[in-house]
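Listed here are the chains, written in short residue letters.
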Amino acid sequence: MSTGTGGNRDGFTSKFGIVAAAAGSAIGLGNIWRFPYVVGESGGGAFLLVYLSFVLLLGIPVMLSEFIIGRKAKRNTFGAFREIAPKTWWPIIGVMGIVAAFVILAFYSTIAGWTLHYVYLSFSNGFQGRDTAELTHMFELFQTSTFLPLFWQLIFITLTAAIILSGVKKGIEKYSKILMPFLLLLLITLSIRSVTLPGSFEGLVFLFKPDFGKLDSGVILGALGQAFFSLSIGMGALITYSSYFPDRTNLSNTAFEVSVADVIIAILAGIAIFPAMFSIGMLPEQGGAGLIFMVLPNVFLQIPGGYFISIAFFILLAIAALTSSISIMEVVVAFLTEEFNIKRKYATLVTAVSAAFVGLFCTLSWGAFKGITIGGKNIFDTLDFAASNILLPLGGLLIVVFVGWYMRNSDVKDEMSNNGLFKLRIYFIFRFLIRFIAPVAIAIIFLNAIGILRT
Ligand code: TRP
């Protein structure tokens, strides 16, 4: 059990457990569901290039900063800032993180619920004998209905809560480490089928050939948001996780390995989707949030053993979503248990019920509540935008400023070198990035996008 303070907190055990848990948090719907449709709406190759540079120059430094804060303080996100910077305003980052966690959990569970429904459809052979138009129609009927999507969302939130309840070591580590290699294998299989479909080459061109005319400040902010969302950074999920890391973990290597794994999975998802999409004559910007659910069944139908592959794929995707959602829920639960001394059981219950309540509005965004829009965006898109493109980058900005300008240099060095155990090879690059490049870059991207949003 993860309780109150210091000494008896739970922790991750093996080296693979640590990387797997952090990678489990990063790899999820963000890579496989969100990445392809955002790329599709943002014009393809140029977006990909910007996204990759953001991961490298901003994402990895923010992730490492979160690791440094979390393992130094060994507290939940809010408590960590209070521990390192008592009597200051810095813990406000923690508060923003809790808000972001709720918002993300709400809309994340919508899509995770869709994934569970598609597990069911795969089992019941629901794609068989349907053409592209019918598969799209089937998805849209489901998406705009009331009972089924809510039902699956509730199941997903309950599953997340159940894992959270079983505690850190037994829960997270056990579930994270076994299954992700299988997901990788399946994505490779799907990618191979996708690029061998007739007319698929255009999809690769779309994904990899940059057309810089497509870039504007909104697209660039979108790339930033996608990078942060996919890497699980900017709201303290990785501060919370790294608070459970043992002292011997090499934080820089872990940040690098997790980010590389995350990017590889996203690009593979892109290769699985876009060629197939062009092959069935769908335009990249057409899919929206339903993209993978409309396109992938077409691929399953054209692959030997597609019945089994579709079952395995959606199950693994649901599990990838679970290992991510537990890292989101854990932020809130660790906060409630450590700061208010609430029992883990009740903290989990309160979090799950509130997330389900907000989640209900997200899930009904295409159906019962589709009339409610803000600036042309439905509730789901609004919350996704607010969390991914505003709260996470803002949180990331404050986090790097905190580590770069506020924290004691010696503490940062100690965490990065495990108290002098290994050489600080990347220290100066890292310090330069978090003090100057990352804050300035994020600020500029924001200001630009706000300027555009106003016109
Ligand atoms: N990164 C996860 C994904 O790609 C989602 C996620 C988990 C997340 N924890 C997070 C996103 C913290 C933002 C912040 O699916």
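Parameters at a glance
Per-chain numbering applies: the sequence of each chain, read as written, is numbered from 1 onward. Predicted model: local features are reported for residues with pLDDT of at least 70 only, side-chain atom pairs are reported and counted for 80 or more only, and whole-chain, interface and lining totals are derived from all residues. Derived side-chain values reflect all non-hydrogen atoms in the structure, with water molecules and hydrogen atoms excluded from consideration. Secondary structure is summarised from DSSP: a helix means a run of H or I of at least four residues, a strand means a run of E of at least two, and numbering begins at the N terminus for each. We compute the radius of gyration over the C-alpha atoms and compare it with the globule rule, which gives 2.2 Å times the number of residues raised to the power 0.38. Accessibility here uses a 1.4 Å probe with only protein chains present; expressed as a share of the type maximum, an area under 20% marks a residue as buried, one over 50% as exposed, and anything in between as partly exposed. Note on contacts: a residue pair qualifies if any of its non-hydrogen atoms lie within 4.5 Å across the two residues. Computed with the Shrake-Rupley method and a 1.4 Å probe, the accessible areas treat only the protein chains shown as cover for residues. A positive count includes Lys and Arg, and a negative count includes Asp and Glu. His and the chain ends are not counted in either. For charged residues, the charge sits on one atom: NZ in Lys, CZ in Arg, CG in Asp, CD in Glu. Working definition of a nonpolar core: buried Ala, Val, Leu, Ile, Met, Phe, Trp, Tyr and Cys residues. They are joined through side-chain atoms within 4.5 Å. By definition, a salt bridge exists where a carboxyl oxygen of Asp or Glu is found within 4 Å of a side-chain nitrogen of Lys or Arg. Residue-level confidence of the predictor, termed pLDDT, takes values from 0 up to 100. Near is defined per residue: the residue qualifies when any heavy atom it owns lies within 4 Å of the molecule or strand. Polar contacts, as counted here, are pairs of nitrogen or oxygen atoms within 3.5 Å of one another; within protein the pair requires one atom able to donate a hydrogen and one able to accept it, and residues that are adjacent in sequence qualify only if both atoms are side-chain atoms. Charged residues are taken to be Asp, Glu, Lys and Arg, nonpolar residues to be Ala, Val, Leu, Ile, Met, Phe, Trp, Tyr, Cys and Pro, and polar residues to be all remaining types, Gly included. The convention used is that axes are lines fitted to C-alpha atoms, helices contributing only their stretch in contact, and that angles between N-to-C directions extend from 0 to 180 degrees. Oblique is the label for any angle not covered by the other classes, which are roughly parallel (under 35 degrees), roughly antiparallel (over 145) and roughly perpendicular (65 to 115).

With that settled, consider the overall build of the chain. Helix and strand counts for the chain come out as 18 helices and 2 strands. A globule of 455 residues ought to have a C-alpha radius of gyration of about 23 Å, and the chain, at 21 Å, matches this closely. In terms of principal-axis extent, the alpha carbons of the chain reach across some 60 × 45 × 40 Å. Across the 455 residues of the chain, 61% fall into the buried class. In the chain, the share of contacts with a sequence separation of at least 24, taken over all contacts with a separation of at least 6, comes to 83%. By element, 69% of the accessible surface of the chain is carried by carbon and sulfur atoms, the whole surface being about 17,600 Å². Separation of charge centres in the chain, based on 30 positive and 23 negative side chains, amounts to 9 Å.

A few words on the environment of Glu-83. Relative to the assigned elements, Glu-83 resides in helix α4 (residues 77-84). C-alpha of Glu-83 to C-alpha of Asn-341: the two residues are 258 residues apart in sequence and 16 Å apart in space. Among residues more than four places away in sequence, those in contact with Glu-83 are Ala-73 and Arg-75.

Formed by 161 residues in total, the largest nonpolar core has its most connected members in Tyr-51, Ile-69 and Phe-313. In contact with Phe-313, not counting residues within four places along its chain, are Ile-32, Leu-186, Leu-187, Leu-190, Leu-296 and Phe-300.

Throughout the structure, instances matching the rule amount to 8 salt bridges. Among the ionic pairs, Arg-71 bridges to Glu-415, the shortest N-O distance being 2.7 Å. Of this pair, Arg-71 sits in helix α3 (residues 45-73) while Glu-415 sits in helix α17 (residues 409-417); the two residues are 344 residues apart in sequence, bridging distant segments of the chain. Overall, Arg-71 belongs to the buried group, its relative accessible area being 2%. For Glu-415, a relative accessible area of 12% corresponds to the buried category. Asp-211 is paired through a salt bridge with Lys-214; the nearest N and O atoms lie 3.5 Å apart.

Let us now look at the confidence of the model for the chain. Predicted confidence across the chain gives a mean pLDDT of 92, with 94% of residues reaching 70 or more. Ranking the helices and strands of the chain by mean pLDDT puts α3 first, with 98, and helix α8 (residues 168-195) last, with 79. Predicted confidence for residues 1-7 stays below pLDDT 50, and this span has 16 contacts to residues more than four positions away or in other chains.

We now examine the site of the ligand. Taken together, 17 residues are adjacent to the ligand, and Ala-26, Gly-30, Tyr-108, Phe-229 and Ser-232 come closest. Within the side chain of Asn-31, one N or O atom sits 3.4 Å away from an oxygen atom of the ligand. Here the ligand, which alone exposes 360 Å², has 100% of that area covered by the protein. Among the elements of the structure, α1 (15-26), α2 (29-41), α5 (92-123), α10 (217-231) and α14 (306-340) are those that each provide at least two residues to the shell around the ligand. When grouped by side-chain class, the residues that make up the shell around the ligand number 9 nonpolar, 8 polar and no charged.

Within the secondary structure layout, Gln-143 lies in helix α6 (residues 132-143). The buried category is assigned to Gln-143, whose relative accessible area is 9%. Look past the residues within four positions of Gln-143 in its chain and what remains in contact with it is Trp-114, Thr-363 and Trp-366.

Let's shift gears to the packing of helix α12 (residues 251-279) against helix α13 (residues 291-300). With their axes 9 Å apart at the nearest point, α12 and α13 run at an angle of 75° to one another. Between α12 and α13, the crossing angle belongs to the class labelled roughly perpendicular. On α13, the residues that touch Ala-272, Ile-273, Ala-276 and Met-277 of α12 are Leu-291, Ile-292, Val-295, Leu-296 and Val-299. Considering only residue class, the contact of α12 with α13 consists of 9 nonpolar, no polar and no charged.

A word on unusual backbone geometry. The phi dihedral of Asn-341 is positive, around 55°, even though this residue is not glycine. The phi torsion at Asn-418 lies on the positive side, around 50°, for a residue other than glycine. Relative to the assigned elements, Asn-418 resides in the loop between α17 and α18 (427-454).

Looking now at the environment of Leu-215. With respect to the secondary-structure elements, Leu-215 resides in the loop between α9 (201-208) and α10. A relative accessible area of 23% means that Leu-215 is categorised as partly exposed. Along the primary structure Leu-215 and Ser-42 are separated by 173 residues, whereas in three dimensions their C-alpha atoms are 7.8 Å apart.

Tracing the backbone through its elements, the reader meets Arg-82 in helix α4. Of the residues examined, Arg-82 reaches a relative accessible area of 44% and is grouped as partly exposed. With 10 residues separating them in the primary sequence, Arg-82 and Ile-92 have C-alpha atoms 9.3 Å apart.

Quick look at α13 now. Of all 10 residues that make up α13, 10 are buried, and the element is covered over most of its length. When α13 is considered as a whole, its buried residues turn out to be Leu-291, Ile-292, Phe-293, Met-294, Val-295, Leu-296, Pro-297, Asn-298, Val-299 and Phe-300.

Checked against the element boundaries, Thr-249 lands in the loop between α11 (237-242) and α12. Sequence-distant contacts of Thr-249, that is, excluding residues within four places in its chain, are made with Ile-18, Arg-71, Thr-254 and Asn-418.

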